[in-house]
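What the coordinates show
One-letter residues, chain by chain:
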Amino acid sequence: MLAELGFIATFLAFLAALYAAGMAFYGVRRRDDRLLLSARNAALATFPLMSVSLGALLIALVTQQYQIAYVWNVTDPNTPTFFRITALWGAQAGSLLFWSGIMSAFAFGTIALNWHGQRRLMPYVITYIMLTLAFFLGLSLFLENPFERYWIMPDNSVVKSVFALSGAVPPAAARLAETSHGLNPLLRHFGMIVHPPLLYMGFVGFIIPFAFAMAALASGDLSTGWIKATRRWTLLAWVSLSLGLVLGGRWAYDVLGWGGWWGWDPVENAAFLPWLLGTAFLHSVMIQEKRGMLKVWNMFLMLGTFSAVIFGTFATRSGLVDSVHSFARSGIGFPLFFFWFSVTAVSVGMLLWRWRRGELRDDRRFNGLLSRESLFVLNNIVFVMLFIAIFWGSFGAPIVSELFLGTNITLGKDYFLQVTPPLFLALFILMGVAPLSAWGVTSLLRLGKALIVPALLAAAMVALLALMQPAEPLVLLIYGVIALSGTVALWETYRGAAARHKTLGENWATAVTALVARNRRRYGGYLIHLSIAIVGIGALGSELYQQETQRTLAVGQSLALGGYTMRYDGFLGGQIADDGRVMDIAQVTVIRDGREIAHLRPRRDFYPNAEGMNTMTIPAAHSTAENDFYVLLVDWEAISASSATFKVFINPLINLIWWGSLLLVFGTLVGMYPDEKHALATAVAAQPSRLAGVKA
Amino acid sequence: MTQVAWEKPESAPEEAARSGVQWKYLVGFVALFVGIGYLILQGTISGARYFITIDELLAGDYVGQTVRISGAVIGDTIQYDPQNLIIDFTIANIPNETKDLARTLYEAAHDPNAAKLAIHIRDQVKPDLLQNEAQAILTGKLGTDGIFYATEVLLKCPSRYEEAAPNQAIADPLAGK
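Here the structure is a predicted model, which means the values were calculated and not measured.

1. Notes on the sheet that holds strand S13 (residues 643-652) of chain A
All names here are of chain A.
- The strand order S4-S13-S12-S11 describes an open sheet built from four strands, whose pairing is antiparallel. The two strands at the open ends of the sheet, each matched to only one other strand, are strand S4 (547-554) and strand S11 (620-623). Shown here is a sheet whose adjacent strand axes are inclined to one another by a mean of 20°, direction ignored.
- When S4 meets S13, the two strands line up antiparallel, connected through eight bridges. Note on S13: the bridge partner recorded for Gln 547 is Ile 650.

What follows is the structure in structure tokens.
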């Protein structure tokens, strides 16, 4: 019943998406309002249909319908309810359906909010989003169907089918429950609960600005309307992707047990690539809005971002690359590649077409190397260079060597550690300088003066960092550059608030709130800059000054590392958790300056029912602003556990990464918060073009 | 403020469109591209690792050169010294990767004629995934003693996120899991 319901709802959503795409396009060509309304309603209907479809799968997971192969694969009777819910995106078929569900939600939101304000663009927006949705739903229906059930045929063979087959009987319920798999132990972690949905929201969310960009190209309405209509959608996608990336790192740090959080793995990079182009886009659109420049470039960045999203999806889900994060090799690789190629080719073609017709000319030219627009362009170039460098290292070199050299060359972590740091540093320098330069022309002297106080503040922060963690002069200089990008943001905010405090007599709290409220985009942006500076310092410190050691300790013995002492107190073997896993727990005490500061319990979990990998080493950590004291239980003496072996890491400043990312969310929310005058969509054009006047 | 004087009304974009090449930007960008291109080239040269099979490793002249190899882990050979964090095991050549990775690995690990390679890893905690019939992707150097000294290990278990074929055990109450 649930399988049929879910499948039929998905199929109807697929039909509705195809209908909406076709009818929106036909309707706008015919300039027929009724057809467009019909297309709109069909597009809106995909969301409730997908809710039914996902709801059916969710209920099947929670109520243990093991006849459904997906449920059988990712849960077992011991799985706690919580992980039954997250199992919705625990494997390929479910996560694809979930992906489509998010896309239909975004489509619903954008149609509901922007239909009236962007009448000229919306038909094309619907066409592009619905074609993409139909493609992904097609994958779910025809290649990765999460609703297939197991059936036993008369000849006793087992087949998978959604609907009952003639002569087939369902397998015995008890037998199904007994043989079911259970969620992969790696996925039973908080980070895995929120990381995939956020990453998907980030990936899928870029469909909205992409569809608007394509709609602008298709309709010929090449004003900044598409940018204004999608600014918040872009920010929502961007912040989700940012958080998704950070939480993925947090998951790796907590679960994979190698003491790090970013490994330059191709799949991690695949998710980072759209972030780079998306971030470049968020900056360069400001130039188009303020100065009417970079029109082609902004289009290019948005098309590139979405192309990178589809490429990343293809790379992760096709089994193209060997990675700890990837899904198993699967049949959806070719269709995804084909889709990526078509999307990219069509969008580039459309862009070139409008460009050659001279419809994307800039209103102004560049003037002055230090002007804000020039610095923004430089920032964009660095982002794109990072994109190229990381793409080349992750995918370019392996693919080119395979195709043209007959060998397979991969680039390891060394490559990324050599190529990316200068580019990141350049970005931080620009983050520090660009906000101080003016539109049009800025003199070096003016810029230098504006930098004095932030530079002093940055120097003070570097001195603080040097006290916490002695470092080489070059590293201190780099810390200083990163810190500067944050102190500029702080100082500019302070100056604005001080002016209000002085001239209007407002108290400081009011002055700051009023200042931010008057220009949320700018001050939200400054908060994001500050957060990126904090994350940057954390990333640099934890990468450069990680300390590690390993020792076997008898009960009562201690080891020392970086000012900490760790004592092995005892062992709790064979603890059985609610979900059936067996935990072997070491108890250790962390001591600093003679004081016991923490009791930690690094452990190893054993999952008796899991197929394949069935043990997980779970680290324990004591976290402070200064560092993490991070302990892995490596081994212990059987039975008595009178001695145990530990690997211990000290990760300096690593918590700045997690805290900084919280600030990033806050900053983005400030930047996204609608002005009182406007609704969430903000995109109500001054004069909404009437549909009758739509130009094809 | 020069800015004010310089600004043109929105209605006169033609002027901008006719502007010629802005040389100082062009020179700057070319310099930037060349610099970054050089960085990428250097990184590629020093970071490149040939990804080869065990057969190719043993047939070619790769001693002392950093390469990446892939093989099927033979479970019985795994030896782990947790005191000193030394891992030793043997992997078997994977002839042709098929769509069914679990089957490929099973066949490779049980093929008596498959080329084998002893692996030695220092200073690493034994990964949870290091088990029989896992696919090991290793970066390191082949020593003159015929042992592969790996510095990076990536392991994949076929049942990692997805299991393979529908389980016949569902139908047969007597069959083991």
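Having seen the structure, we can now continue with the description.
2. Some remarks on the packing of aromatic side chains
- Taken as a whole, this structure holds 47 aromatic pairs over all chains when the rule is applied.
- Ring geometry for Phe 11 of chain A against Phe 14 of chain A: centres 6.3 Å apart, planes inclined by 35°, an arrangement best described as tilted. Residue Phe 11 of chain A and its partner Phe 14 of chain A are located together in helix H1 (residues 2-30), separated by three residues, close to a single helical turn.
- Note on Tyr 630 of chain A and Phe 649 of chain A: the rings are 5.7 Å apart at their centroids and 75° apart in plane angle, and the pair reads as edge-to-face. In this pair, Tyr 630 of chain A is assigned in strand S12 (residues 627-636) and Phe 649 of chain A in strand S13, connecting sequence segments 19 residues apart. As far as the burial class goes, Tyr 630 of chain A and Phe 649 of chain A line up, both buried.
- One cation-aromatic arrangement involves Arg 68 of chain B over Phe 51 of chain B; the distance from NZ or CZ to the ring centre is 5.2 Å.

3. Things to note about the domain arrangement of chain A
Residue and element names in this part refer to chain A.
- Splitting chain A by domain gives domain 1 (2-367), domain 2 (443-544 + 661-672) and domain 3 (547-652).
- Facing 13 residues of domain 1, the contacting portion of domain 2 comprises 11 residues.
- Buried area between domain 1 and domain 2, both sides added, is near 1,100 Å², and the carbon and sulfur share of it is 68%.
- Our enumeration of links across domain 1 and domain 2 arrives at one salt bridge.
- Glu 289 serves as the salt-bridge partner of Arg 521, at 3.0 Å between the closest nitrogen and oxygen.
- Inspection of the domain 1/domain 2 interface yields three residue pairs in polar contact (both at pLDDT 80 or more).
- Breaking the side of domain 1 that touches domain 2 down by element, the ones donating at least two residues are helix H10 (225-256) and helix H11 (266-291).
- No other element matches H10, which puts nine residues into the side of domain 1 that touches domain 2.
- When the residues that make up the side of domain 1 that touches domain 2 are grouped by side-chain class, the tally is eight nonpolar, two polar and three charged.

4. A closer look at the domain arrangement of chain B
- For chain B, the domain assignment lists domain 1 (15-45) and domain 2 (50-156).
- Between the C-alpha centres of domain 1 of chain B and domain 2 of chain B the distance comes to 44 Å.

5. A short note on H10 of chain A
Residues and elements named next belong to chain A.
- The first and last C-alpha atoms of H10 sit 45 Å apart over 32 residues, in line with the 46 Å expected at 1.5 Å per residue.
- When you tally the buried positions in H10, you get 27 out of 32 residues, the bulk of the element.
- Following H10 by one or two positions, Gly 257 adopts a phi angle in the positive range, close to 65°.

6. Some remarks on the pattern of salt bridges
Residue and element names in this part refer to chain A.
- In this structure the tally under the stated criterion is 18 salt bridges over all chains.
- Close ionic contact of Arg 250 with Asp 254 constitutes a salt bridge, the shortest N to O distance being 3.2 Å. Taken together, the residues span about one helical turn, with Arg 250 and Asp 254 both in helix H10 at a distance of four residues.
- We classify Arg 250 as partly exposed; its relative accessible area is 26%.
- One network of salt bridges, with partners in common, ties together Arg 354, Arg 357 and Glu 359.

Cut-off values and rules
- Residues numbered from 1 in each chain as written.
- Chains lettered and ligands numbered in written order.
- Predicted model: local features only at pLDDT ≥ 70, side-chain atom pairs only at ≥ 80, totals over all residues.
- Heavy atoms only, no water.
- Pairing = 2+ DSSP bridges.
- Helix = DSSP H or I, 4+ residues; strand = E, 2+ residues; numbered from the N terminus.
- Axes fitted to C-alpha atoms, helices over the stretch in contact; angles between N-to-C directions.
- Phe/Tyr/Trp six-rings, centres within 6.5 Å; stacked < 30°, edge-to-face > 60°.
- Buried < 20%, exposed > 50% of the residue type's maximum accessible area, 1.4 Å probe, protein only.
- Lys NZ or Arg CZ within 6 Å of the ring centre and 35° of its normal.
- Domains from an automatic or database assignment.
- Contact = heavy atoms within 4.5 Å.
- Buried area = accessible area lost by both parts, 1.4 Å probe.
- Salt bridge = Lys/Arg side-chain N within 4 Å of Asp/Glu carboxyl O.
- Polar contact = N/O pair within 3.5 Å; in protein donor to acceptor, adjacent residues only side chain to side chain.
- Nonpolar A, V, L, I, M, F, W, Y, C, P; charged D, E, K, R; others polar.
- Expected span 1.5 Å × (residues − 1).

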